[in-house]
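Structure at a glance
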Amino acid sequence: MMMMNSSECLQLGVLTWMPHIIITGSPGKRLVTGSMIEVMDIIARHLGFCYKMIVSKDEIAGVRMPNGTWTGLIGDITKENFTFTGLGLSITPERAEDFDFTEYLYMEEWSAGFKRPQPEPDIAGFVKPYTFEAWILLIFSVVIVLGTSFLLRLITSKALRYKRKDLTASFLSPWQHNKDEVCVPEAHGNFKSSSAVYDSVLWTVSSLLGVSIQGSPSGEAVRLFTALWIMASFIIATVYRSNLNAMLISPTIHLPFNSLEELVESGLPVWTATGAMLHIAAQNAPNDTLLGRILTQFYGVQCPTNVPLAIKNMNEGVSVAATPRSALMQIMHTTFSALGKCVSYTMTDTYFKSNAASILLPKGSPWKGKLNPVITRLRESGLLNYAFSKGLQNATECLKAIRAKRNVSLRTLEFKDFYGVFLVFAGGMTIASASFVAEVFSKRKISNKKN
């Protein structure tokens with residue numbers, strides 16, 4: 001940056017607009033850095049002028065008041081305190097009415113950042129080894145197996161049921177003289193359908209859960225069918241256990257929001273600068289619209305210049321920072337460079353897309369015609385993007401989609417991992433207790449009737 005004490009140097013108004021302009025230090029000892037310094041140096045050399053970057057007193061872009069006057073940096077332009085802005089500002093209808101803009105420097109889009117979510121236990125992890133469709137198919141299969149098993153047992157029991165009967169002489173042993181004494185015991189003398197239901201449920205569920213049962217089913221058809229179901233249950237249970245082992249140690253990631261709609265639904269407090277596009281759009285939007293609803297979540301408009309606090313609150317998960325995506329990239333680059341890890345994330349969905357950022361000048365300023373050709377050449381040659389991106393290398397890692405890294409490190413199991421299993425266990429114990437109580441009362445009722 002060209003810093004000269006000569007009164008002939010142009011005074012350019014700036015404010016914090018990362019990564020283009022970054023202002024550090026205390027009042028009176030401000031240090032201005034950012035990609036626009038390099039860009040403005042190139043422009044100054046081409047046009048042969050020197051300049052000073054002057055931090056706006058209010059450190060806000062400014063809004064138009066009802067009487068037509070402007071506040072902030074834009075207000076200083078109207079008072080001719082600055083020749084033009086030292087950074088690109090968004091072109092809005094109100095600003096275009098009262099000021100001139102140069103050729104655009106960058107195309108901005110807005111996003112929102114928040115504390116990066118960390119891997120956490122998945123309460124529903126025990127049901128995730130299978131997809132929803134697989135669970136439905138499994139339940140359907142169990143119902144079919146239960147029904148088929150019941151029918152087979154019922155049919156087999158009738159086929160095997162026979163009573164004591166006379167036998168012909170050909171079946172008598174030589175030492176048996178009274179054929180009436182010969183009898184063949186009933187295989188299922190007192191068989192009931194309730195027994196078939198009980199055996200069907202017992203074998204079907206026990207096979208699926210891998211619980212051993214004493215004895216064996218009666219009838220060849222029942223045995224063959226049961227053996228096939230035991231084999232199928234073994235495969236199903238093996239796949240479930242294998243997937244469950246991986247599910248319990250693999251983390252899950254929950255994003256608080258990933259779009260403007262989800263941000264509004266979350267109800268999280270949102271920081272944005274006074275006069276920013278989001279702030280103005282929310283003020284002008286009806287209350288029942290998406291932008292109108294987010295207005296109640298703003299808190300930063302009360303302290304718009306406290307950018308460090310807004311960044312700190314975003315990284316700690318206190319509030320959301322709604323800014324141009326380039327500013328969030330700068331924050332990610334800085335924190336990753338200092339800590340070696342990503343502490344924040346930006347939502348995938350952006351809003352206010354294709355928003356042009358240009359240098360703002362007073363109406364009729366002769367500098368517009370001088371600046372436009374240089375800016376156009378810088379943009380088309382790629383030098384503007386180069387100056388912008390070379391200081392954000394470390395932001396690329398944090399902009400990647402957030403995924404749980406299963407192979408990097410294993411996560412120890414936590415108590416929350418078993419919440420879902422405990423809930424199922426508690427539900428089963430409740431049903432079992434209710435069944436026990438009902439059985440006791442029914443037996444007492446039968447006993448009282450007999451007495």
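Numbering of residues begins from 1 in every chain and follows the order in which that chain's sequence is written. Thresholds applied to this predicted model are a pLDDT of at least 70 for local features of residues and 80 or more for the giving and counting of side-chain atom pairs; totals over whole chains, interfaces and linings are not thresholded and use all residues. Side-chain figures throughout are based on the complete set of non-hydrogen atoms in the structure, without hydrogens or water.

As a further point, take empty space enclosed by the protein. Residues are called lining when one of their atoms sits within 4 Å of a cavity or pocket point, these points coming from a 1 Å grid over the protein atoms alone, where a cavity is a set in which a 1.4 Å probe fits but cannot get out and a pocket is an open set with protein on both sides within 12 Å along at least five of seven lines. Grid points are joined across faces, edges and corners, and a volume is the space filled by probe spheres set on the points. Counting across every chain of the model gives two cavities of 30 Å³ or more. The computed volume of the largest cavity comes to approximately 40 Å³. Along its surface, the largest cavity is lined by Val 145, Ser 149, Arg 153, Trp 203, Thr 204, Phe 225, Thr 226 and Trp 229. Numbering goes from the N terminus for both helices and strands, where a helix is a DSSP run of H or I of at least four residues and a strand is a run of E of at least two. Among the elements of the structure, α4 (132–160), α5 (193–209) and α6 (220–249) are those that each provide at least two residues to the lining of the largest cavity. In terms of lining residues, the second largest cavity is bounded by Trp 17, His 20, Met 36, Gly 88, Leu 105, Tyr 106, Glu 108 and Ala 357. Note that Gly is not counted as nonpolar here; it falls among the polar residues with everything else outside the nonpolar set of Ala, Val, Leu, Ile, Met, Phe, Trp, Tyr, Cys and Pro and the charged set of Asp, Glu, Lys and Arg. Grouping the constituent residues of the lining of the second largest cavity by class yields five nonpolar, two polar and one charged.

What follows concerns the pattern of salt bridges. Should a side-chain nitrogen of Lys or Arg be within 4 Å of a carboxyl oxygen of Asp or Glu, the pair is scored as a salt bridge. Scanning the entire structure with this criterion turns up eight salt bridges. As a salt-bridge pair, Asp 98 and Arg 64 come within 3.3 Å of each other at their nearest N and O atoms. Here Arg 64 lies in the loop between β4 (51–55) and α2 (72–78) and Asp 98 lies in helix α3 (residues 93–98), a separation of 34 residues in the sequence. With a relative accessible area of 26%, Asp 98 lands in the partly exposed category. Lys 312 is the salt-bridge partner of Glu 316, the closest N and O atoms lying 3.2 Å from each other. Burial classes follow relative accessibility: with a 1.4 Å probe on protein chains only, a residue under 20% of its type's maximum area counts as buried, one over 50% as exposed, and anything between as partly exposed.

Moving on, we come to the state of the cysteines. Throughout, disulfides are identified as pairs of cysteine sulfur atoms within 2.5 Å of each other. Applying the stated criterion across every chain yields a total of two disulfides. Each sulfur in the disulfide pair Cys 9 and Cys 50 lies 1.9 Å from the other. Its torsion about the S-S bond being -110°, the disulfide of Cys 9 and Cys 50 is classed as left-handed. With Cys 9 in the segment before β1 (10–14) and Cys 50 in the loop between α1 (35–47) and β4, this pair connects stretches of sequence that are 41 residues apart.

Let us look at unusual backbone geometry. Backbone torsion omega between Met 18 and Pro 19 reads 0°, so that peptide bond is classified as cis. In this structure, Pro 19 sits in the loop between β1 and β2 (22–24). Its identity as a non-glycine residue notwithstanding, Phe 352 has a phi of 50°, on the positive side. Looking at the element boundaries, Phe 352 is found in strand β12 (residues 351–362). The phi torsion at Ser 354 lies on the positive side, around 55°, for a residue other than glycine. Assignment of secondary structure puts Ser 354 in strand β12.

Further remarks concern the sheet that holds β4. With parallel pairing, three strands are arranged side by side in an open sheet as β4-β1-β5. Of all strands in the sheet, those bounded by a partner on one side alone are β4 and β5 (84–85). Where β1 and β4 come together, five bridges link them in parallel fashion. Counted as the bridge partner of Val 14 is Val 55 from β4. Packed onto the sheet, α1 meets β1, β4 and β5 and runs at close to 150° relative to β4. Two strands are said to pair when DSSP picks up at least two bridges between them. Two residues qualify as a contact provided that any one of their heavy atoms is within 4.5 Å of a heavy atom in the partner residue. Axis definition: a line fitted to C-alpha atoms, limited for helices to the stretch in contact. Angles are taken between N-to-C directions and run from 0 to 180 degrees.

Further remarks concern the packing of helix α10 (residues 307–315) against helix α11 (residues 325–339). Remark: α10 packs on α11, axes separated minimally by 12 Å, with the N-to-C direction vectors making an angle of 70°. When the axis of α10 is compared with that of α11, the two are roughly perpendicular. Along its contact with α10, which presents Ile 311, Met 314 and Asn 315, the element α11 presents Leu 328, Ile 331 and Thr 335. Tallied by class, residues from the contact of α10 with α11 come to four nonpolar, two polar and no charged. Working definition: roughly parallel below 35 degrees, roughly antiparallel above 145 degrees, roughly perpendicular at 65 to 115 degrees, and oblique for all remaining angles.

Now for the confidence of the model for the chain. Per-residue confidence from the predictor is reported as pLDDT, which spans 0 to 100. Put simply, the chain has an average pLDDT of 79, and 79% of its residues get 70 or more. Within the model, pLDDT remains below 50 along residues 1–6, and this stretch shows 16 contacts once partners closer than five positions in the same chain are excluded.

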